Amino acid sequence: MTMTTGGRFWPLTLLAICELAAMSLWFSASAVVPSLVAEHGLGATQASLLTSMVQVGFVAGTLTSAALGLADRLDPRRFFTACALTAAIANAGLLWLPPDSGAVLACRFITGACMAGIYPVGMKMASAWARADLGLLIGLLVGALALGSAAPHLFNAFGGIDWRFTIASASVAAGLAGLLINLAPVGPNFARLARFDPRLALNGWRERPLRLANLGYLGHMWELYAVWAWLGVFLDASFRASLGDADGPFWARAATFAAIGLGGLVGAGAGGLLADRFGRTALTIGALAVSGACSLTVGLLFGAAPWLLFALCLVWGMAVIADSAQFSAAITELSPPELAGTMLTMQTSMGFLLTLITIHALPPLVDGFGWAGAFACLALGPVVGIWAMARLRGLPEAARLAGGRR
């Protein structure tokens, strides 16, 4: 069955908008860490937990979803709605609970668990509309994720010192997304699994092509979420050093939004176009090389001229996300259509479990080696990812990637 461009434009646009709005919950608390530290005296461990508990929740949610095959058995719009509304309510709990309480961490866990019904489900919905442009479609969706994840930094920049504006804005946006997603029709390539065997969830590690694609993704994730979680804190400290306490915080927040959000949107979209034209493994290897180089150099510019540091962070923001969607596209192309949702869910589960290491490891690394040494450790992920994708490129199954473009 074929669809005209116009026939899929509005469903995909609406899907991207809903993903953008719902994913703003992910870093809503992380974006206001500087304000919470100033107002409530949060320590480094507490600040890390505001982000990492979302990761823990997401891992728990994705493992549950994969074990039950929810992404391949349920109506994706209803699943998305239930998760977005629940996550919005949990995120809003931060407005009334003490930021250093266990209840806040529970809210962050619930928010992360609900993301299992938003992020991988959105990717499967996007892939159902794909023809020869799977990389671009998922790339645009991941770009929306980056923009949504960065949105709290923009809210925070214009919300002044009242961090509650950021939290409230993200919750309202996610709640609206949960309602609007029901207006998006399901694509013609959507396949639902009639009977699910929990053992199928392990295919992503048993089968060599899927295993290599997942290893590439793990290398990418080693770097990505540590960058997203701590870039704002890094820029805040650097811009305060170069611009002072009066102007530094605002420009740091704006720069973080631009690097993660706008850089991510451009990087993911361009990465999808290039991968569809030149190949999945070619694009991922190139993007990993650039982002790894940025990891090695960005910390050396701490306290340097803001425009120079911002320029490098913008390149980093584009490169670190340019390959993200292509690992998901590769998993979709290497998996049976009726299992794509479960394979994507397992992929993201493994990736976000790994991010717990780098998100928590970065503060002590900064204390011990400074920003330059801490960020340089993130380059280990791109090295592993490049090796895995180079191996995948040499397999016969790689001919199924990007229409044979590997």
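Residues numbered from 1 in each chain as written. Predicted model: local features only at pLDDT ≥ 70, side-chain atom pairs only at ≥ 80, totals over all residues. Heavy atoms only, no water.

A. Broad picture of the overall build of the protein. Along the backbone of the protein there are 18 helices and 0 strands. Taking 22 Å as the expected radius of gyration for a compact globule of 406 residues, we find that the protein reaches 20 Å, a close match to that expectation. If you line up the protein on its principal axes, its C-alpha atoms span 60 × 40 × 40 Å. A buried classification covers 59% of the 406 residues belonging to the protein. Accessible surface computed for the protein: about 14,700 Å², of which carbon and sulfur atoms make up 71%. For the protein, the distance from the average site of its 23 positive side-chain charges to the average site of its 19 negative ones is 11 Å. (Helix = DSSP H or I, 4+ residues; strand = E, 2+ residues; numbered from the N terminus. Rg over C-alpha atoms; globule rule 2.2 N^0.38 Å. Buried < 20%, exposed > 50% of the residue type's maximum accessible area, 1.4 Å probe, protein only. Areas by Shrake-Rupley, 256 points an atom, 1.4 Å probe, with all protein chains shown as cover. Lys, Arg positive; Asp, Glu negative; His and termini not counted. Charge placed at Lys NZ, Arg CZ, Asp CG, Glu CD.)

B. Spatial organisation of the packing of helix α6 (residues 76-92) against helix α10 (residues 164-180). Across the interface, α6 lies against α10 with an axial gap of 8 Å and an inter-helix angle of 165°. The angle between α6 and α10 falls in the class roughly antiparallel. Of the two possible hands of crossing, α6 and α10 adopt the one that is left-handed. Contact residues: α6 offers Phe-80, Thr-81, Ala-84, Leu-85, Ala-88, Asn-91 and Ala-92, while α10 offers Ile-167, Ala-170, Ser-171, Ala-174, Gly-175, Ala-177, Gly-178 and Leu-179. Of the residues that constitute the contact of α6 with α10, the class distribution is 10 nonpolar, 5 polar and no charged. (Axes fitted to C-alpha atoms, helices over the stretch in contact; angles between N-to-C directions. Parallel < 35°, antiparallel > 145°, perpendicular 65-115°, else oblique. Left-handed = near helix turned anticlockwise from the far one by under 90°. Contact = heavy atoms within 4.5 Å. Nonpolar A, V, L, I, M, F, W, Y, C, P; charged D, E, K, R; others polar.)

C. Summary view of the environment of Arg-277. Residue placement: Arg-277 occurs in helix α13 (residues 248-278). Note on Arg-277: relative accessible area 61%, which makes it exposed. Separated by 128 residues in sequence, Arg-277 and Arg-405 place their C-alpha atoms 7.3 Å apart.

D. Highlighting the nonpolar core. Counting 94 residues, the largest nonpolar core has Tyr-225, Trp-228, Leu-231, Leu-235 and Phe-352 as its most contacted members. No other element matches the 16 residues that helix α12 (residues 208-243) contributes to this core. Val-32, Leu-42, Ala-47 and Val-104 belong to the second largest nonpolar core, which has 12 residues in total. (Core = buried A, V, L, I, M, F, W, Y, C linked by side-chain atoms within 4.5 Å.)

E. Here's a closer look at the packing of aromatic side chains. For the coordinates displayed, the defined rule picks out 12 aromatic pairs. Centre to centre, the rings of Phe-250 and Trp-251 are 5.0 Å apart; their planes meet at 80°, and the pair counts as edge-to-face. Look at Trp-251 and you get partly exposed, because its relative accessible area is 47%. Members of the aromatic cluster, joined through ring pairs, are Phe-58, Tyr-119, Tyr-225, Trp-228 and Phe-352. (Phe/Tyr/Trp six-rings, centres within 6.5 Å; stacked < 30°, edge-to-face > 60°.)

F. Summary view of the state of the cysteines. Scanning the entire structure with this criterion turns up 0 disulfides. Free cysteine: Cys-114, not disulfide-bonded; nearest cysteine sulfur from Cys-83 at 5.1 Å. Accessibility expressed as a relative area gives 10% for Cys-114, which makes it buried. Cys-294 supplies the cysteine sulfur nearest to Cys-377, a cysteine that is in no disulfide, at a spacing of 16 Å. (Disulfide = S-S within 2.5 Å.)

G. Structural detail: the environment of Phe-239. Within the secondary structure, Phe-239 sits in helix α12. A sequence separation of 22 residues divides Phe-239 from Tyr-217, and the C-alpha atoms of the two residues are 32 Å apart. Residue contacts for Phe-239: discarding those within four places in its chain leaves Gly-244, Gly-248, Trp-251, Ala-252, Ala-255, Pro-306 and Leu-309.

H. Looking closely at the side chain of Gln-55. Within the fold, Gln-55 resides in helix α4 (residues 44-68). Assessed through its relative accessible area of 0%, Gln-55 is described here as buried. Not counting the four nearest positions on each side in its chain, Gln-55 is found in contact with Trp-26, Tyr-225, Phe-352, Thr-355, Leu-356 and Ile-359.

I. Summary view of the environment of Ala-130. Structurally, Ala-130 can be placed in the loop between α8 (119-127) and α9 (134-158). Considered as a pair, Ala-130 and Trp-307 are 177 residues apart in the sequence and their alpha carbons are 39 Å apart. Those residues in contact with Ala-130 that sit more than four places away from it in its chain are Arg-8, Leu-137 and Asn-189.

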